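Commentary on secondary and tertiary structure
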Amino acid sequence: MTGSGPPPNPHTPHPPPSPDTPSSPDTPIPPNNPPPPPYAPTSPRAPSAWDAPYTRPDPHTAHPPPVPSATGSEAPDPRPVPLDRLRLPSDPSALYQELRAAHGPVAPVLLDGDIPAWLVLGYRELHQVTADPALFSRDAELWNQWPRIPGDWPLLPVVGRARPPVPHTAGEGRARRAAMIAEALTAVDPARLQGYAERFADALVDGFCARGAADVIGEYATLLPVRVLAAVFGFPPAEGPGLAAAVNGDGGTDGGQALARAVAGLLERRRRTPGQDIASRLLASPEGLPDDEIARDLTSLLTAGHQPTADWIGNSLRLMLTEDRFAASLFGGRRSVVEAMNEVLWEDTPTQNVVGRWASRDTLLGGRRVRAGDLLVLSLAAANSDPGIRADRTAPTGGNAAFFSFGHGAHRCPFPAREIAEVIARTAIEVILDRLPDLDLAVPPQSLTRRPSPWLRGLSSLPVRFTPTTVVGPEY
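Throughout, a residue's number is its position along its own chain's written sequence, starting from 1. Owing to the predicted nature of the model, reporting of local features is limited to residues with pLDDT of at least 70; listing and counting of side-chain atom pairs is limited to 80 or more, with chain, interface and lining totals taken over all residues. Think of the side-chain values as coming from all heavy atoms in the structure, minus any hydrogens and water.

**Notes on the nonpolar core**
Here is the rule we go by: Residues belong to a common nonpolar core when they are buried Ala, Val, Leu, Ile, Met, Phe, Trp, Tyr or Cys residues joined through side-chain atoms within 4.5 Å. Only protein chains enter the calculation, and the probe is 1.4 Å; a residue is then buried if its accessible area is under 20% of its type maximum, exposed if over 50%, and partly exposed in between. Helix and strand definitions follow DSSP, with helices as H or I runs of at least four residues and strands as E runs of at least two, each counted in order from the N terminus. Should any heavy atoms of two residues lie within 4.5 Å, those residues are considered in contact.
If you look at the biggest cluster of nonpolar residues, it comprises 78 residues, and the most contacted ones within it are Tyr 220, Ile 278, Leu 298, Ile 432 and Leu 462. At eleven residues, the largest contribution of residues to this core is made by helix α11 (residues 291-322). Not counting residues up to four positions away in its chain, the partners in contact with Ile 432 are Val 205, Phe 208, Val 216, Tyr 220 and Leu 317. Core analysis: the next-biggest nonpolar cluster, separate from the first, contains 27 residues, Val 109, Ala 140, Trp 143 and Val 377 among them.

**What to know about the side chain of Ser 137**
Where we set the bar: Nitrogen and oxygen atoms within 3.5 Å of one another constitute a polar contact, given that in protein one can donate a hydrogen and the other can accept it, and given that sequence-neighbouring residues count only through two side-chain atoms.
Within the element layout of this structure, Ser 137 appears in strand β4 (residues 136-137). Note on Ser 137: relative accessible area 9%, which makes it buried. Within the structure, the side chain of Ser 137 is placed 2.9 Å from the backbone nitrogen of Asp 139, a separation counted as a polar contact.

**Structural notes on the sheet that holds strand β10 (residues 440-441)**
Just so we agree on the cut-off: For two strands to pair, DSSP has to find at least two bridges joining them.
Ordered in space as β5-β11-β10, the three strands form an open sheet in which the pairing is antiparallel. Two strands lie at the open edges of the sheet, namely β5 (213-215) and β10, each paired on one side alone. Direction of pairing for β10 relative to strand β11 (residues 463-465): antiparallel, over a ladder of two bridges. By the bridge assignment for β11, Asp 440 is matched with Arg 465.

**Some remarks on the confidence of the model for the chain**
Definition in use: Scored from 0 to 100, pLDDT records how confident the predictor is in each individual residue.
Here the chain averages 80 in pLDDT, while 72% of its residues score no lower than 70. This stretch, residues 329-333, has a pLDDT under 50; its non-local contacts, to residues over four places away or in other chains, come to two contacts.

**Structural notes on the pattern of salt bridges**
How we decide: In the sections that follow, a salt bridge refers to a side-chain nitrogen of Lys or Arg positioned within 4 Å of a carboxyl oxygen of Asp or Glu.
Enumeration according to the criterion identifies 16 salt bridges in this entry. When the shortest N-O distance is used, the salt bridge between Arg 269 and Glu 239 registers 3.4 Å. With Arg 269 in helix α9 (residues 255-272) and Glu 239 in the loop between α7 (224-233) and α8 (240-247), this residue pair connects regions lying 30 residues apart in the sequence. By relative accessible area, which is 25% here, Glu 239 ends up partly exposed. With a shortest N-O distance of 3.0 Å, Arg 450 and Asp 348 are connected by a salt bridge. Placement of Arg 450 in the loop between β10 and β11 and of Asp 348 in the loop between α12 (337-347) and β6 (353-359) is noted, with a sequence separation of 102 residues between them. Of the two residues examined, Arg 450 and Asp 348, each falls in the buried class. Each of the salt bridges in this network shares a partner with another, and the network as a whole consists of Arg 318, Asp 348, Arg 450 and Arg 457.

What follows is the structure, given as structure tokens:
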């Protein structure tokens with residue numbers, strides 16, 4: 001994708017522009033290449049909820065005691081924390097603060113089945129990990145816990161060991177496949193993409209605009225991204241609703257199989273009749289990948305691109321409907337949709353935590369001794385709220401794009417993929433606000449709930465009310 005050139009030096013003495021001040025032409029902030037902040041040593045730990053007795057077995061006991069950090073202080077409290085604790089809270093930032101106070105910028109955690117890992121909380125440390133793919137590899141084969149992983153471990157699809165799609169691979173082969181996908185995504189016509197997004201958004205709004213009430217999540221946000229992505233991939237519009245049901249899990253246990261059959265059918269058709277779409281471009285690539293590998297990459301792109309974009313839509317609309325500074329007023333319209341979307345990427349990012357990286361050798365990170373083969377879970381949300389770069393989180397983020405919401409380094413979200421997601425999300429918000437100008441929340445803000453997940457952050461529902469309006473066009 002765009003954004004070429006070497007990553008910034010994590011040891012540079014120049015601090016990044018403050019997130020409280022919008023970037024300007026004089027101080028550009030590359031959106032997928034956030035600069036490192038000046039390092040602030042971890043303050044002494046205060047008593048917290050994590051001091052409660054903990055009786056689970058400690059898989060980290062084989063590791064040596066905490067070692068002195070670069071500042072000369074010791075990383076405190078070696079007890080690992082179950083990552084499941086991040087499933088329930090409505091505001092995970094409080095838990096990230098507790099973890100940072102108790103453990104420093106790198107915390108020991110337990111995944112499902114008491115599998116040990118490290119949670120990287122610090123902005124500086126996350127930059128260090130993502131900027132050094134040789135030391136912190138994407139190769140899951142390095143993991144020192146494979147002997148303990150059962151065949152039905154729930155996070156196996158996230159780790160992606162068996163014939164993984166391109167986001168889960170490493171090395172020269174991964175770079176070639178990533179470049180092939182980037183080229184296919186870059187060729188997407190912006191006008192056609194915008195047209196698909198507007199067309200499908202209008203069709204979805206037509207489905208509820210006459211009622212005067214709707215659930216923006218279930219009836220809009222979770223249906224739109226996959227339909228737009230399916231169209232640019234090469235699927236006919238008629239298959240969009242079925243693909244949405246499969247990706248959202250509405251098809252039950254057959255959802256994954258239905259998606260696999262649909263992708264295989266698409267590739268078969270495009271082998272016979274190429275078109276101006278992503279599937280045809282991948283099939284025509286000089287890399288000459290077999291159809292089954294292209295199918296895995298297409299499936300990964302479709303599923304990985306859909307849910308975070310749907311959550312970006314929902315989280316941005318929630319912000320605009322609940323925060324006074326974004327609400328409509330008698331003297332003007334709403335604040336910039338783009339401004340709200342950018343603030344969500346700092347404060348309420350859809351992708352909270354990511355698995356991950358594996359240490360290729362013993363090393364030190366944030367005062368912790370990380371062993372060869374240890375798994376590091378990347379906490380994008382915690383890094384975005386690191387007080388070392390954002391001392392005042394109440395200040396507007398403006399146009400500052402130094403967040404980690406799309407990752408960083410060689411394995412960041414491809415820039416064309418980010419641009420596609422942004423067009424879909426922005427169009428979705430603009431269309432519904434244009435069609436339903438008096439859109440308002442139908443329930444108290446404090447009653448809104450989130451899906452229980454430590455990985456993605458999105459609303460379970462977003463009930464709204466508005467003045468009923470008429471349908472504007474045919475059903476697509």
